[in-house]
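Each chain is listed here by its residues.
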Amino acid sequence: MNTKFLDLLAQRYDSEEKVVKEIINLEAILHLPKGTEHFVSDLHGEYQAFQHVLRNGSGKVKEKIRDLFTDVLSEEEINEFATLVYYPEEKLQLIKNNFGNKEELLEWYKEIIEHLIKLVSYSSSKYTRSKLRKALPQQFVYIIEELLYKTDEYTNKKPYYAKIIQQVISLNQADKLIIGLAYTTQRLVVDHLHVVGDIYDRGPEPDKIMDTLINYHSVDIQWGNHDVLWIGAYAGSKVCLANIIRICARYDNLDIIEDVYGINLRPLLNLAEKYYGDNPAFRPKRLSDKKLSEHEQVQITKIHQAISMIQFKLESPIIKRRPYFNMSERLLLEKIDYDRNEITIQGKTYPLDNTCFATVNPNQPDELLEEEKQVMDKLLFSVQHSEKLARHMKFLMKKGSLYLKYNGNLLIHGCIPIDENGNMEKMTIDNKTYAGRELLDIFEHYLRHAFAHPEETDDLATDMVWYLWTGEYSSLFGKRAMTTFERYFIKDKETHKEKKNPYYYLRENEDMCRKMLTEFDLDPDQGHIINGHTPVKEIDGENPIKANGKMVVIDGGFSKAYQSTTGIAGYTLLYNSYGMQLVAHQQFNSKEDVLLNGMDVLSVKRLVDKELERKKVLETNIGEEILQEITILKSLMEYRYMK
Ligand SMILES: O=P(O)(O)OC[C@H]1O[C@](O)(COP(=O)(O)O)[C@@H](O)[C@@H]1O
Ligand SMILES: [Mn+2]
């Protein structure tokens, strides 16, 4: 081993004892049970519902409370205790309001603090003391450790422990301690979070989800198609930018653009007011109870049309300069007969409804008006100078990837593009042909390049980000073509269908899943593929566990827009040392419902896979890293201290 490196390391471990201590510590950690992984996906801006799943650890918090207190607490008390752990600040207030006198409150404080200490102790039983210490509220570390590690053997210390709690209460610190212990519990029940894509679009608060993730103790992200659309916009793709604004207009979420990210929509509004009127096809979808005046609705409708038409125009030059995107069928503006208001797609002619072509020159339909160009330039400038957006996009890049191999599993939002025979689809980009894992790697390479060069707006890398949103071999889109235009302007629903990649039926087959795991150098006997992206239609009897357990689809179904088609509010997945469990969630109404009525979302667990023997840290990604560290430390030991 490089002696320079070992010399540097010796600065940190400057005595034999330190090296020995660390080796023993690491060796011991390897034999602890593996931590719990929590998988969520398709959050789609639904911050409140996401918060709930995060705070209750997909049912893990209540499970632990039940394990400990079934004999001493009633069902109602268990629910109340659980709610306190999920939303400590708010629940504390509600509980405190119910006490008639101070004595009752003091009694309650004593009891609840003891319960919480027990819960923290139980939830941390598979971690080292040092890891637990890091999860404790800093100002109470000393006190909590005293209470956690108390030994009652000789009962000498009983009054001492009672005094600690009494003092905490009399010094008015009880609320803070309770809140701290509640968050510690939340943190302990889940060791690591995977977000399998689609944080953005449709729902109202993706920014708050991003802030939550930024502050979360351990997380990775597999980008979804909607996430790369936002990354693309920030990286300089005007067509991605037009798309994110269009989707925000469609779902009545323009305040995300304007108020949250501080992007000025005034120039776009002026253009919209000039060229567009009311139009039923572009009225915003209303999913929330937010009140909108008729005037506001019409204004959004106009913006929606203005940005959609800009989007359609911007697609055209990319399709033309990248023939290998194979998207010439999507040059729809050129297939319109503007006199007859008709379009011919694949030999069939359809009438067009609700058209809004005031800015289209039939002789050159993809040409942007000067005003449209200026609007897009201003919007892009604004997007690239939004401090908050920059922070969120950088985090997406830092923690994100197109796919992830983690503890033997393959995590990927959409699909691995394959043909009907189960062969990896080939795509030629810039005269080189890629398939399977290599194709995904080159996609990611381009995306990172585009992000590193936001000043480039029309280069291959930037165009590639848009391809990831909508191209037929995109591993995130997974469909033949996106029929946005047809859904706005053509009645015939046949034209709205988006044909899925064969992956979506071949993934039911175990051999196919094994083949894909092998393509990614994973052990097909051990591994699973974990997907988001496609809502599982429980209503129609679809099973999220496929291919004999090799494939698990966890589209979280957080998106309100899709809940009527799925019949539930979606799935999350837990993977602990005993195996994998899929958790089905029912619809989340509101935090208030949980707080006031203890209406926790009912979660039903299903076993995906059971470990024959409890899995240890040794068998995980982290275990591998620790083993490497131990090897290095042993070299240091030999080099420095064993002579
Ligand atoms: O429901 P909307 O807003 O019309 O969006 C539909 C579009 O969203 C997509 O389903 C992609 O979004 P998802 O990743 O959430 O599925 C496209 O395939 C489709 O064209
Ligand atoms: Mn998706």
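Given the structure is predicted, the values throughout are model-derived calculations rather than measurements.

**What to know about the overall build of the protein**
Scanning the protein from terminus to terminus reveals 27 helices and 17 strands. C-alpha extents for the protein along the principal axes are approximately 95 × 70 × 45 Å. Considering only contacts within the protein whose residues lie at least 6 apart along the sequence, 72% involve residues at least 24 apart. Taken as a whole, the protein presents about 29,000 Å² of accessible surface, with 48% of it coming from carbon and sulfur. For the protein, the distance from the average position of its 84 positive side-chain charges to the average position of its 98 negative side-chain charges is 2 Å.

**Let's talk about the pairing of strand S11 (residues 432–435)**
The two faces of a sheet get side chains in turn, since along a regular strand they alternate between them. The sheet contact formed by strand S10 (residues 426–429) and S11 spans 4 bridges and is antiparallel. Bridge pairing in S11 places Met427 opposite Tyr434. The antiparallel hairpin formed by S10 and S11 contains 2 residues in its connecting segment, where Asp430 sits at a positive phi of about 55°.

**Overview of the domain arrangement of the protein**
Here the domain parsing of the protein yields domain 1 (3–32 + 620–641), domain 2 (58–189) and domain 3 (225–489). Centre-to-centre, using C-alpha coordinates, domain 2 lies 49 Å away from domain 3.

**Details of the pattern of salt bridges**
Counting across every chain of the model gives 42 salt bridges. Taking the shortest distance from any N to any O, the salt bridge between Lys591 and Glu90 comes out at 2.8 Å. Here Lys591 is found in helix H26 (residues 591–597), whereas its partner Glu90 is found in helix H6 (residues 88–97), with 501 residues between them in sequence. Its salt-bridge partner being Arg321, residue Asp463 comes within 2.8 Å of it at the nearest N-O pair. Pair noted here: Asp463 is in helix H21 (residues 460–470) and Arg321 is in helix H17 (residues 294–321), with a separation of 142 residues, a long-range link. Taking the relative accessible area as the measure of exposure, Asp463 reaches 2% and is therefore buried.

About the thresholds
Residues numbered from 1 in each chain as written. Chains lettered and ligands numbered in written order. Predicted model: local features only at pLDDT ≥ 70, side-chain atom pairs only at ≥ 80, totals over all residues. Heavy atoms only, no water. Helix = DSSP H or I, 4+ residues; strand = E, 2+ residues; numbered from the N terminus. Contact = heavy atoms within 4.5 Å. Areas by Shrake-Rupley, 256 points an atom, 1.4 Å probe, with all protein chains shown as cover. Lys, Arg positive; Asp, Glu negative; His and termini not counted. Charge placed at Lys NZ, Arg CZ, Asp CG, Glu CD. Pairing = 2+ DSSP bridges. Domains from an automatic or database assignment. Salt bridge = Lys/Arg side-chain N within 4 Å of Asp/Glu carboxyl O. Buried < 20%, exposed > 50% of the residue type's maximum accessible area, 1.4 Å probe, protein only.

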